[in-house]
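Each chain, letter by letter, is given below.
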Amino acid sequence: MNTNKTSKIGCVVLASGYGRRYGANKLAVSLEGRSLIQRALEAIPAERLVRTVVVTQYDKVAACAKLFDFTVIRNEHPEFGISHSLRLGLAALGDCDGVLFTVADQPFLRRESVTELLDLWSRQPEKIAAMSSGGRRGNPCLFPARLFPELMALEGDRGGSAVIRQHPEDLVLLEVDALELVDVDTPQALATLAENAGTNR
């Protein structure tokens, strides 16, 4: 890859999950006055990306994505697992040098941290860049184009982690505050997260 040019980076927001443990579409739930999907989309530095696609089965998520001028890709078969969402998003960004995959249920992910992750990858565009806390990897993750075929070959509920495990030597990590990487799986988890966030500010 010619690193003398600005790399074309796309973004896939994975927002198709059933939220079974939550009991509803958790992305429509509000925290401090903003829905989880709104908070997720606000954390994306769109000005640094050639295109952002939001893969979802939900009308409310699609409507929010359109407010940000992001491309909506409908997932008509969320039962096929995370790999299906990943492939749908990646197929729309195949001309990119790298693609950032982010989930939509980390309500305290910071836009500044995502920008730092893009910077980290841009300095080493052959690598996989991911966020971490205490050395423990989390989301988002940014993959170079050379790994797109492996991502497109995933099936079922296997996501990008399966590809990362095949290339541990290629992983570079950006250390961030643990709160940014916490995801929300249940109403109790959301309540606890909100309480802890309030006491830590």
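The structure displayed is predicted, hence computed values, not measured ones. (Residues numbered from 1 in each chain as written. Predicted model: local features only at pLDDT ≥ 70, side-chain atom pairs only at ≥ 80, totals over all residues. Heavy atoms only, no water.)

Caption draft 1: Seen up close, the pairing of strand β4 (residues 51-56). With five of six residues buried, β4 is to be regarded as a mostly interior element. Here strand β1 (residues 9-15) runs beside β4; their pairing, made up of six bridges, is parallel. If you follow C11 over to β4, its bridge partner there is T52. Inspection of the sheet shows β4 paired to strand β5 (residues 71-74) by four bridges, in the parallel sense. Looking at β5, one finds that V53 is bridged to T71. Of the crossover connections in this fold, the one passing from β4 over helix α2 (residues 59-67) to the parallel β5 is right-handed. (Buried < 20%, exposed > 50% of the residue type's maximum accessible area, 1.4 Å probe, protein only. Helix = DSSP H or I, 4+ residues; strand = E, 2+ residues; numbered from the N terminus. Pairing = 2+ DSSP bridges. Right-handed = clockwise from strand over helix to strand, strands pointing away.)

Caption draft 2: Quick look at the side chain of E180. For E180, the position within the fold is in helix α7 (residues 178-181). Overall, the relative accessible area of 4% leaves E180 in the buried class. Among the polar contacts made by the side chain of E180, one reaches the side chain of S113 at a distance of 2.9 Å. Other than its neighbours up to four places away in sequence, E180 contacts Q106, F108, L109, R110 and S113. (Polar contact = N/O pair within 3.5 Å; in protein donor to acceptor, adjacent residues only side chain to side chain. Contact = heavy atoms within 4.5 Å.)

Caption draft 3: Spatial organisation of unusual backbone geometry. Cis rather than trans, the peptide bond between N139 and P140 has omega equal to 5°. Within the secondary structure, P140 sits in strand β8 (residues 136-144). Positioned with a positive phi, E32 is a non-glycine residue whose angle comes to about 55°. Within the secondary structure layout, E32 lies in the loop between β2 (30-31) and β3 (34-35). Accessibility expressed as a relative area gives 45% for E32, which makes it partly exposed. Of note in this structure, D69 is not a glycine but carries a positive phi near 60°. Its location among the elements puts D69 in the loop between α2 and β5.

Caption draft 4: Layout of the environment of L174. Position of L174 relative to the elements: it lies in strand β9 (residues 171-175). Those residues in contact with L174 that lie beyond four places of it in its chain are S113, E116, L117, L120, A130, M131 and S132.

Caption draft 5: View of α2. Taken together, the buried positions of α2 are occupied by V61, A62, C64 and A65. Angularly, the buried residues of α2 cover 165° about the axis, an arc narrow enough to put them on a single face. The exposed residues of α2 that point more than 90 degrees off its buried face are D59, K60, K66 and L67. Where α2 is buried, its residues contact β1, α1 (36-42), β4 and β5. Following α2 by one or two positions, D69 has its phi on the positive side, about 60°. (Arc of directions from axis to C-beta.)

Caption draft 6: Structural context of the packing of aromatic side chains. What the rule picks out here adds up to two aromatic pairs. Geometry around F108 places R39 over its ring, the cationic atom sitting 4.9 Å from the centre. (Phe/Tyr/Trp six-rings, centres within 6.5 Å; stacked < 30°, edge-to-face > 60°. Lys NZ or Arg CZ within 6 Å of the ring centre and 35° of its normal.)

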